[in-house]
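Tertiary structure, described
Next come the chains, spelled out residue by residue.
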Amino acid sequence: MKFIVVFTALFALTVAGPVSQEVEVLRIGNDIGPESHKYSLETSDGVKIESQGFLENTGTDHESYSHRGFYSYVADDGVTYTVTYVADENGFQPSGSHFPEAIHH
């Protein structure tokens, strides 16, 4: 579970691109338990990450971990891009207004 939180944070910072200035952590919080987690991070360069997850269908054959959250960053063009996502038994499902629309035939 900690891997998911760390991976999400590193992924968001990687997507944001190289840092040309020193970045300060403005806010960080986490609450990680055996069946759930909440995580948040905000930095001085405009990066924001929030995620939460929980174990569903505990003790059944359909037990799974559901993870929801978002990350945002300010790109070189000055625009703030935000990606929201759900990761659950249906896989990783990201969305963002800057994503191309799916073409339906």
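Relevant structure appears above.
The paragraphs below set out a description of the structure included in this document. (Residues numbered from 1 in each chain as written. Predicted model: local features only at pLDDT ≥ 70, side-chain atom pairs only at ≥ 80, totals over all residues. Heavy atoms only, no water.)

Glancing now at the overall build of the protein. The helix and strand tally for the protein stands at one helix and six strands. When the helices and strands of the protein are listed from N to C terminus, the series reads α-β-β-β-β-β-β. Across the 105 residues that make up the protein, the buried fraction comes to 24%. Counted over contacts in the protein with a minimum sequence separation of 6, partners at least 24 positions apart contribute 25%. (Helix = DSSP H or I, 4+ residues; strand = E, 2+ residues; numbered from the N terminus. Buried < 20%, exposed > 50% of the residue type's maximum accessible area, 1.4 Å probe, protein only. Contact = heavy atoms within 4.5 Å.)

With that settled, consider the pattern of salt bridges. Taken as a whole, this structure holds two salt bridges when the rule is applied. Across the salt bridge formed by Glu50 and Arg27, the nearest N and O atoms sit 3.5 Å from each other. Of this pair, Glu50 sits in strand β3 (residues 48-56) while Arg27 sits in strand β1 (residues 25-32), and the two are 23 residues apart along the sequence. For Arg27, a relative accessible area of 34% translates into the label partly exposed. (Salt bridge = Lys/Arg side-chain N within 4 Å of Asp/Glu carboxyl O.)

Position of Glu63 among the secondary structure elements: in the loop between β3 and β4 (64-74). Its relative accessible area of 41% is what places Glu63 among the partly exposed residues. Each C-alpha atom, one on Glu63 and one on Glu89, is 9.4 Å from the other, the two residues being 26 residues apart in sequence. The residues touching Glu63, leaving out its near neighbours within four places in the chain, are Leu55, Glu56, Asn57 and Thr58. Separated by 2.7 Å, the side chain of Glu63 and the backbone nitrogen of Gly59 make a polar contact. (Polar contact = N/O pair within 3.5 Å; in protein donor to acceptor, adjacent residues only side chain to side chain.)

A separate point is the sheet that holds strand β6 (residues 91-95). Pairing is antiparallel across the open sheet formed by six strands, whose spatial order is β1-β2-β3-β4-β5-β6. Here the strands that pair on one side only, and so sit at the sheet edges, are β1 and β6. Here the strands of the sheet are splayed against their neighbours by 10° on average, with no regard to which way each runs. Direction of pairing for strand β2 (residues 36-43) relative to β3: antiparallel, over a ladder of seven bridges. Across the sheet, residue Leu41 finds its bridge partner in β3, namely Ile49. (Pairing = 2+ DSSP bridges. Axes fitted to C-alpha atoms, helices over the stretch in contact; angles between N-to-C directions.)

Attention shifts here to unusual backbone geometry. Glycine aside, a negative phi is what most residues show, and trans is what most peptide bonds show. Phi at Asn57 is positive, roughly 55°, even though this residue is not glycine. Following the sequence through the fold, Asn57 ends up in the loop between β3 and β4.

Along the sequence, Arg27 and Thr43 sit 16 residues apart, while their C-alpha atoms lie 6.9 Å from each other. With residues near it in sequence (within four places) discarded, Arg27 still touches Ser40, Leu41, Glu42 and Glu50. Separated by 3.0 Å, the side chains of Arg27 and Ser40 make a polar contact.

None of the figures reported here should be taken as evidence of function without further support.
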